[in-house]
Amino acid sequence: MTQAPLLPGATLGVMGGGQLGRMFVHAAQSMGYFTAVLDPDASSPAGRVSHHHVQTDYLDAQGLAELARLSDAMTTEFENVPAPALAQLAAQRPVAPAAEAVAIAQDRSAEKAHFTRIGVPCAPYAVITDPASLDQVSAGLLPGILKTARLGYDGKGQVRVRTREELVAAWERLQRVPCVLEQMLPLADECSVIVARGRDGAMVHFPVQHNLHREGILAVTTVHEGVLPAATCEKAVAAARAVAEGLAYVGVLCVEFFVLQDGSLVVNEIAPRPHNSGHYSIDACDVSQFDLQVRTLAGLPLVAPRLHSPSVMLNLLGDLWFDANAQRAQASAEAVTPPWDAVLALPGVHLHLYGKLKAARARKMGHLTVTGATPEAVRATALQAAAILGIAPF
């Protein structure tokens, strides 16, 4: 039986109080929904702007019961929310995405197995769980990247290895936790596709997003027609939709890809939630990724998002509070507010700060989206903004 849509006036819950939860809460509230957030941090960005904040651990039975009591349906803002917590919530209220899909995204070995099962190409790999599986690793996978099977993100839990000796040492350094070794491939580009899929199987997607990472953290996302060859974009969209379909996924899903030097495409990983590379959609599309997260959770109709402006998004890390004002701060350990006034004097600039109370290096504090009439104009303005803030050119 098809579930009736939850209309504005209902309460939508979210597990996690970070910036993704905050942007989901803003989108839901703008459409007339009430919101509830579960997060242990009293100062969490989403908790501070939500109608309700359940301040407990993610596995606290009473906290989960309270979130379910407050909410008509629930989602998650990050993939490391314990899947059993989502399963417990789903016994009482609709939850999207499902615990089973989140569990696959939490485990690189399960994720790779899913890609293989549905026929979406990924890098050659081996799963390492014990000394025997380590000994059986093919020499053809080296040089490679050893990644922890769980809890790695933004470059954490990853070690480049060139030889078997380095592989053994790296696994020891990662404390012998289950890992995946991926063959290092000749990369030309990185990109991502965000899809939204409803309970009825309807699916829409955003344009292909060209991404630049620095030290394992997304630095720049560029989106406009022709940002990558049309054939590459078609393959990426088809693969992303196949990944979502294979999971019977409900919600917003990001699929990240590597573009190889020969033009072929391999999937890197998935994120069962809105994604950093999709933040530009708030300002450059008529429907944002957070609007679609609300729609998929509430069972509302999905409409294909339209990119109305070329866009460049710059990630704003906490380093800027220390480095961008080197003359004023004298490169000290003291945080100094970046010159937002100078940045906001540029045309087409949209500043989003996440409400985090303390800046720290490598911490995502916000993002800057630049929109304009042409890709060239947008890039030029984005480079100006980067220069003002002390972000390396791209």
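Residues numbered from 1 in each chain as written. Predicted model: local features only at pLDDT ≥ 70, side-chain atom pairs only at ≥ 80, totals over all residues. Heavy atoms only, no water.

## As for the pairing of strand 14 (residues 265-271)
At step 1: Across the seven residues of strand 14, six count as buried, placing the element largely inside the fold.
At step 2: As consecutive antiparallel partners, strand 13 (residues 251-260) and strand 14 are separated by four residues, and within that stretch G263 has a phi angle of approximately 90°, a positive value. (Buried < 20%, exposed > 50% of the residue type's maximum accessible area, 1.4 Å probe, protein only. Helix = DSSP H or I, 4+ residues; strand = E, 2+ residues; numbered from the N terminus. Pairing = 2+ DSSP bridges.)

## Focus on the nonpolar core
At step 1: Counting 29 residues, the largest nonpolar core has V193, V208, V243, L253, V255, F257 and I270 as the members making the most contacts within it.
At step 2: Of all the secondary-structure elements, those providing two or more residues to this core are helix 4 (99-106), strand 9 (187-197), helix 8 (230-246), strand 13 and strand 14.
At step 3: V343, V349, A359 and I391 belong to the second largest nonpolar core, which has 23 residues in total. (Core = buried A, V, L, I, M, F, W, Y, C linked by side-chain atoms within 4.5 Å.)

## Description of unusual backbone geometry
At step 1: In this structure, P97 follows A96 across a cis peptide bond, with omega equal to 0°.
At step 2: Within the secondary structure, P97 sits in the loop between helix 3 (83-90) and helix 4.
At step 3: Cis geometry marks the peptide bond from L142 to P143, where omega comes out at 0°.
At step 4: Inspection of the secondary structure puts P143 in the loop between helix 6 (131-135) and strand 6 (144-148).
At step 5: Despite not being glycine, R176 has its phi angle at roughly 60°, a positive value.
At step 6: Residue position: R176 is located in the loop between helix 7 (164-173) and strand 8 (179-183).
At step 7: The exposure class assigned to R176 is partly exposed, which follows from its relative accessible area of 42%.
At step 8: The phi torsion at A362 lies on the positive side, around 70°, for a residue other than glycine.
At step 9: Tracing the backbone shows A362 in the loop between strand 16 (349-353) and strand 17 (364-371).
At step 10: By relative accessible area, A362 is classed as partly exposed at 40%.

## Thoughts on the sheet that holds strand 4 (residues 73-76)
Consider a sheet: its strands pair through backbone hydrogen bonds, and that pairing is either parallel or antiparallel.
At step 1: Reading across from one edge, 3-2-1-4 is the order of the four strands in this open sheet, with parallel pairing throughout. Among the strands making up the open sheet, the edge pair consists of strand 3 (52-54) and strand 4. Strand-to-strand twist of the sheet, defined as the mean angle between neighbouring strand axes without regard to direction, takes the value 20°.
At step 2: Across five bridges, strand 1 (residues 11-15) lies against strand 2 (residues 34-38) in parallel orientation. The partner of G13 across the bridge, within strand 2, is A36. (Axes fitted to C-alpha atoms, helices over the stretch in contact; angles between N-to-C directions.)

## Brief notes about the packing of aromatic side chains
At step 1: Per the counting criterion, the structure on display carries two aromatic pairs.
At step 2: Ring geometry for W321 and W340: centres 5.6 Å apart, planes at 65°, overall edge-to-face. In this pair, W321 sits in helix 11 (residues 320-323) while W340 sits in helix 13 (residues 340-344), placing the two residues 19 residues apart along the sequence. No difference in accessibility class separates W321 from W340, as the two residues are buried. (Phe/Tyr/Trp six-rings, centres within 6.5 Å; stacked < 30°, edge-to-face > 60°.)

## Brief notes about the layout of surface pockets
At step 1: Approximately 390 Å³ is the volume attributed to the second largest pocket.
At step 2: Taken together, 14 residues line the second largest pocket, and the ones lying closest to its centre are R214, A219, L317, D319 and I391.
At step 3: Sorting the residues of the lining of the second largest pocket by element identifies strand 12 (217-223), strand 15 (311-317) and helix 11 as the ones contributing at least two each.
At step 4: With three residues, strand 12 is the largest single contributor of residues to the lining of the second largest pocket.
At step 5: Residue composition of the lining of the second largest pocket, by class: eight nonpolar, two polar and four charged. (1 Å grid on protein atoms, 1.4 Å probe; cavity = no way out; pocket = protein on both sides within 12 Å on 5 of 7 lines; lining within 4 Å. Points joined across faces, edges and corners; volume = space filled by probe spheres on them. Nonpolar A, V, L, I, M, F, W, Y, C, P; charged D, E, K, R; others polar.)

## Points about helix 5 (residues 108-118)
At step 1: Buried within helix 5 we find R108, E111, K112, H114 and F115. Each buried residue of helix 5 sits inside an arc of 155° when the element is viewed along its axis, so together they form one side. In helix 5, the exposed residues that point more than 90 degrees away from the buried face are T116 and R117.
At step 2: In the segment just after helix 5, G119 is the residue with positive phi, at about 80°. (Arc of directions from axis to C-beta.)

## What about helix 14 (residues 375-389)?
At step 1: Taking 1.5 Å of rise per residue, 15 residues should cover 21 Å, and helix 14 covers 21 Å from first to last C-alpha, within 8% of that figure.
At step 2: Within the span of helix 14, buried status applies to V378, T381, A382, A385, A386 and L389. Projected down its long axis, helix 14 carries its buried residues within an arc of 145°, all on one side. Pointing more than 90 degrees away from the buried face of helix 14 are the exposed residues E376 and A387.
At step 3: In this structure, the buried side of helix 14 is in contact with strand 15, helix 11, helix 13, strand 16 and strand 17.
At step 4: Once helix 14 ends, the next one or two residues include G390, with phi positive near 85°. (Expected span 1.5 Å × (residues − 1). Contact = heavy atoms within 4.5 Å.)

## Details of the packing of helix 2 (residues 61-70) against helix 3
At step 1: Two elements in contact, helix 2 and helix 3, have axes whose closest approach is 10 Å; the angle formed by their N-to-C orientations is 45°. In terms of axis orientation, helix 2 runs oblique to helix 3. Of the two elements, helix 2 crosses helix 3, and the hand of that crossing is right-handed. Contacts from A61, L64, L67 and A68 of helix 2 reach helix 3 at A85, Q88 and L89. (Parallel < 35°, antiparallel > 145°, perpendicular 65-115°, else oblique. Left-handed = near helix turned anticlockwise from the far one by under 90°.)

## Examining the sheet that holds strand 5 (residues 125-128)
At step 1: With respect to topology, four strands assemble into an open sheet ordered 5-8-6-7, the strand pairing being antiparallel. Taken across any chain shown, the strands that pair with only one partner, and hence form the sheet edges, are strand 5 and strand 7 (158-161). Averaged over neighbouring strand pairs, the angle between their axes works out to 20° when direction is ignored.
At step 2: As paired strands, strand 6 and strand 8 are joined by five bridges and run antiparallel to one another. Paired with I145 across the strands is E182, a residue of strand 8.
At step 3: The strands that helix 7 touches are strand 5, strand 6, strand 7 and strand 8; relative to strand 7, the one it contacts most, it runs at about 165°.

Keep in mind that these numbers describe shape and distance, not what the molecule does.
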